Amino acid sequence: MNGAIGMDDSEGGPARPAEGRIGEWPGDVARAEALQQRLAPLVREEHLDADAVSLVAGLDVAYSADDDVLAAAVVVLAAPDWRTVDSATVVAQPRFPYVPGLFAFREAPPLLEAVARLETAPDVLVCDGFGVAHPRRFGLACHVGLALDRPVLGVGKTPFVGSAQPPAAERGSWSPLVDGGEVVGRCLRTRAGVKPVYVSVGHRVDLPSAGDLALRLAPQYRLPEPIRSADRLCRERLAAAA
DNA sequence: GCGACAG
DNA sequence: ATCTTGTCGC
């Protein structure tokens, strides 16, 4: 691995300008991090009535064992029973290796392409990963949120940054996820006695709204239904591609 | 300096 | 993320 990690067209040709469009690889790690720092202040937190939401999209990506192929999936579910009403998938090659903190540069491009193929516009999108619970306060859910200018939240299975007290055992209890003295997310128990999930703001939603919606989206299982559906679909799509 | 580190 | 079966419990 070298400075221009994983870049195919960085050998030989003239250096590409680092224009910084969301969804494009900025050229190297330093530029990618600088882009996140520059975009982080653009994240907006707005109240969203979780009970009024009717169309929610879940986003996820699956990889082949050798990391040569990926399948991105978006599934749109409708309230109140979260039935699938639309979906789209994209099969592609990973353009960048997994680097903690730069996860979005790997997953956002194929996910955004899949979203573009939907016929149904969701009210909110849920990413498998984090939003502002990120070293530079700009995780995958923020990348997707700013790119689409839509409400987006992130739900992760393990904490990335910060720490939280274990929430009480009953479903619905939560504790703040704190990093560097800042509340960057919510540690939320979606199932009694089961390991909690970590919810954070992506864009155009505030943390209480994101927490409420995440809980409403997970009436039965630990993970929100949109993420479960997207996870299932991208695995199926990957298997079909291979 | 060392370890940890979303998926 | 992915490699992987059965098993215990509600």
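Just above sits the structure.
Residues numbered from 1 in each chain as written. Chains lettered and ligands numbered in written order. Predicted model: local features only at pLDDT ≥ 70, side-chain atom pairs only at ≥ 80, totals over all residues. Heavy atoms only, no water.

(A) Highlighting the overall build of chain A. In terms of regular secondary structure, chain A is built from 5 helices and 8 strands. The order of α-helices and β-strands along chain A, N terminus first, is α-β-β-β-α-β-α-β-β-β-β-α-α. In terms of overall dimensions, chain A has a C-alpha envelope of 60 × 45 × 30 Å along the principal axes. When the 242 residues of chain A are sorted by exposure, 51% land in the buried category. Across chain A, contacts joining residues at least 24 apart in sequence account for 63% of those joining residues at least 6 apart. (Helix = DSSP H or I, 4+ residues; strand = E, 2+ residues; numbered from the N terminus. Buried < 20%, exposed > 50% of the residue type's maximum accessible area, 1.4 Å probe, protein only. Contact = heavy atoms within 4.5 Å.)

(B) The arrangement of the pattern of salt bridges in detail. A full pass over the atoms with the stated rule returns 12 salt bridges. Arg 106 is the partner of Asp 67 in a salt bridge, and the nearest nitrogen-oxygen pair spans 2.7 Å. Of the two residues, Asp 67 is situated in the loop between strand S1 (55-63) and strand S2 (70-78) and Arg 106 in helix H2 (residues 103-116); the sequence distance between them amounts to 39 residues. Since its relative accessible area comes to 31%, Asp 67 is described here as partly exposed. The exposure class assigned to Arg 106 is buried, which follows from its relative accessible area of 7%. A salt bridge links Arg 117 to Glu 113, with the nearest nitrogen and oxygen atoms 2.6 Å apart. Looking at Arg 117, the relative accessible area reads 48%, which means it is partly exposed. For Glu 113, a relative accessible area of 37% translates into the label partly exposed. One network of salt bridges, with partners in common, ties together Arg 44, Glu 46, Asp 149 and Arg 204. (Salt bridge = Lys/Arg side-chain N within 4 Å of Asp/Glu carboxyl O.)

(C) Layout of the nonpolar core. Core analysis: the largest hydrophobic core is formed by 37 residues, its most contacted members being Phe 105, Val 126, Phe 138, Leu 153, Val 155, Val 199 and Leu 213. At the level of elements, helix H1 (29-39), S2, strand S4 (124-128), helix H3 (140-148), strand S5 (152-156), strand S8 (197-203), helix H4 (207-216) and helix H5 (225-241) are the ones that each hand at least two residues to this core. Counting residues per element, this core draws most heavily on H4, which supplies 4 residues. Excluding residues within four positions of it along the chain, Val 199 makes contact with Leu 153, Gly 154, Val 155, Gly 185, Arg 186, Leu 188, Leu 207, Ala 210, Gly 211 and Ala 214. Judged by nonpolar contacts, the second largest core, of 24 residues, contains Ala 57, Val 90, Val 115 and Leu 125. (Core = buried A, V, L, I, M, F, W, Y, C linked by side-chain atoms within 4.5 Å.)

(D) Spatial organisation of unusual backbone geometry. The omega torsion of the bond from Ala 79 to Pro 80 falls at 5°, within 30 degrees of zero and hence cis. Note that Pro 80 resides in the loop between S2 and strand S3 (83-92). The phi dihedral of Asp 67 falls on the positive side, at around 65°, and the residue is not glycine. A positive phi is found at Asp 149, a non-glycine position, where the angle reads about 50°. By the secondary structure assignment, Asp 149 is in the loop between H3 and S5.

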